[in-house]
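So you can see what is in the structure, the chains are spelled out below.
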Amino acid sequence: EGEEKLYVVGTPEEIGNWDTSKAVAMEKLPLKWEPPTGSGKAPPEHHFWEAVIELPQSLGRFEYQYVMKGLPQGDRQEEGSKHKCDLTGMGGSRVRCADSWRG
């Protein structure tokens, strides 16, 4: 309870069809250890999240955004333009979409 969780929501039904109540939860990966900087300050934390989602190649191009749930002020959907991914011509290969939160 009260723990922030990141979700992905977007065009295809498999990721909620823009209904945030049907968004797919992502898993927070362990922090990578980084040595302290020369100033003795701790390096900034970079959090990485992932979700493995099976999508048909026939889906072609689709759009998605991230939603942070569990915040004290309520859910917060990413701002700005939507992320895009194109599965056309992938032939069943895995696609890794790596991007950053647009806050």
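An account of the accompanying structure is given in this report. Please read these numbers as outputs of a predicted model, since none were measured by experiment. (Residues numbered from 1 in each chain as written. Predicted model: local features only at pLDDT ≥ 70, side-chain atom pairs only at ≥ 80, totals over all residues. Heavy atoms only, no water.)

1. Overview of the environment of Trp-18
Next up, step 1: Within the fold, Trp-18 resides in the loop between β1 (5-10) and β2 (24-25).
Next up, step 2: When the C-alpha positions of Trp-18 and Leu-71 are compared, they lie 20 Å apart, and in sequence the two are 53 residues distant.
Next up, step 3: When near neighbours in sequence (up to four residues on either side) are disregarded, Trp-18 contacts Val-9, Gly-10, Thr-11, Glu-63, Tyr-64, Gln-65, Gln-77 and Lys-82. (Helix = DSSP H or I, 4+ residues; strand = E, 2+ residues; numbered from the N terminus. Contact = heavy atoms within 4.5 Å.)

2. Observations regarding the layout of surface pockets
Next up, step 1: Its boundaries defined by the atoms lining it, the largest pocket holds a volume of some 1,300 Å³.
Next up, step 2: Elements supplying a minimum of two residues to the lining of the largest pocket: β1, β4 (49-50) and β5 (61-69).
Next up, step 3: Examining the composition of the lining of the largest pocket, we find that four residues originate from one element, β5, more than from any other.
Next up, step 4: Partitioning the lining of the largest pocket into residue classes produces 24 nonpolar, five polar and seven charged.
Next up, step 5: Here the second largest pocket is characterised by a volume of approximately 180 Å³.
Next up, step 6: Taken together, Leu-31, Lys-32, Trp-33, Glu-34, Pro-43, Pro-44, Glu-45, His-46 and Phe-48 make up the full set of residues lining the second largest pocket.
Next up, step 7: Looking at side-chain class alone, the lining of the second largest pocket contains five nonpolar, one polar and three charged residues. (1 Å grid on protein atoms, 1.4 Å probe; cavity = no way out; pocket = protein on both sides within 12 Å on 5 of 7 lines; lining within 4 Å. Points joined across faces, edges and corners; volume = space filled by probe spheres on them. Nonpolar A, V, L, I, M, F, W, Y, C, P; charged D, E, K, R; others polar.)

3. Regarding the packing of aromatic side chains
Next up, step 1: If you walk through the whole model with that rule in mind, you get two aromatic pairs.
Next up, step 2: With a centroid separation of 6.0 Å and an interplanar angle of 40°, the aromatic rings of Phe-62 and Tyr-64 are classed as tilted.
Next up, step 3: A residue is classified by how much of its surface remains accessible, and Phe-62, at 7% relative accessible area, is buried.
Next up, step 4: Judged by its relative accessible area of 5%, Tyr-64 is buried.
Next up, step 5: Residues Tyr-64 and Tyr-66 carry aromatic rings whose centres are separated by 5.8 Å and whose planes lie at 80° to one another, so their mutual orientation is edge-to-face. Residues Tyr-64 and Tyr-66 agree in their burial class; the two are buried.
Next up, step 6: Taken together, the ring pairs in this structure connect Phe-62, Tyr-64 and Tyr-66 into an aromatic cluster.
Next up, step 7: The ring of Tyr-7 has Lys-69 lying over it, and the distance from NZ or CZ to the ring centre is 4.5 Å.
Next up, step 8: Across the ring face of Trp-18, the terminal group of Lys-82 is positioned such that the distance to the ring centre comes to 5.3 Å. (Phe/Tyr/Trp six-rings, centres within 6.5 Å; stacked < 30°, edge-to-face > 60°. Buried < 20%, exposed > 50% of the residue type's maximum accessible area, 1.4 Å probe, protein only. Lys NZ or Arg CZ within 6 Å of the ring centre and 35° of its normal.)

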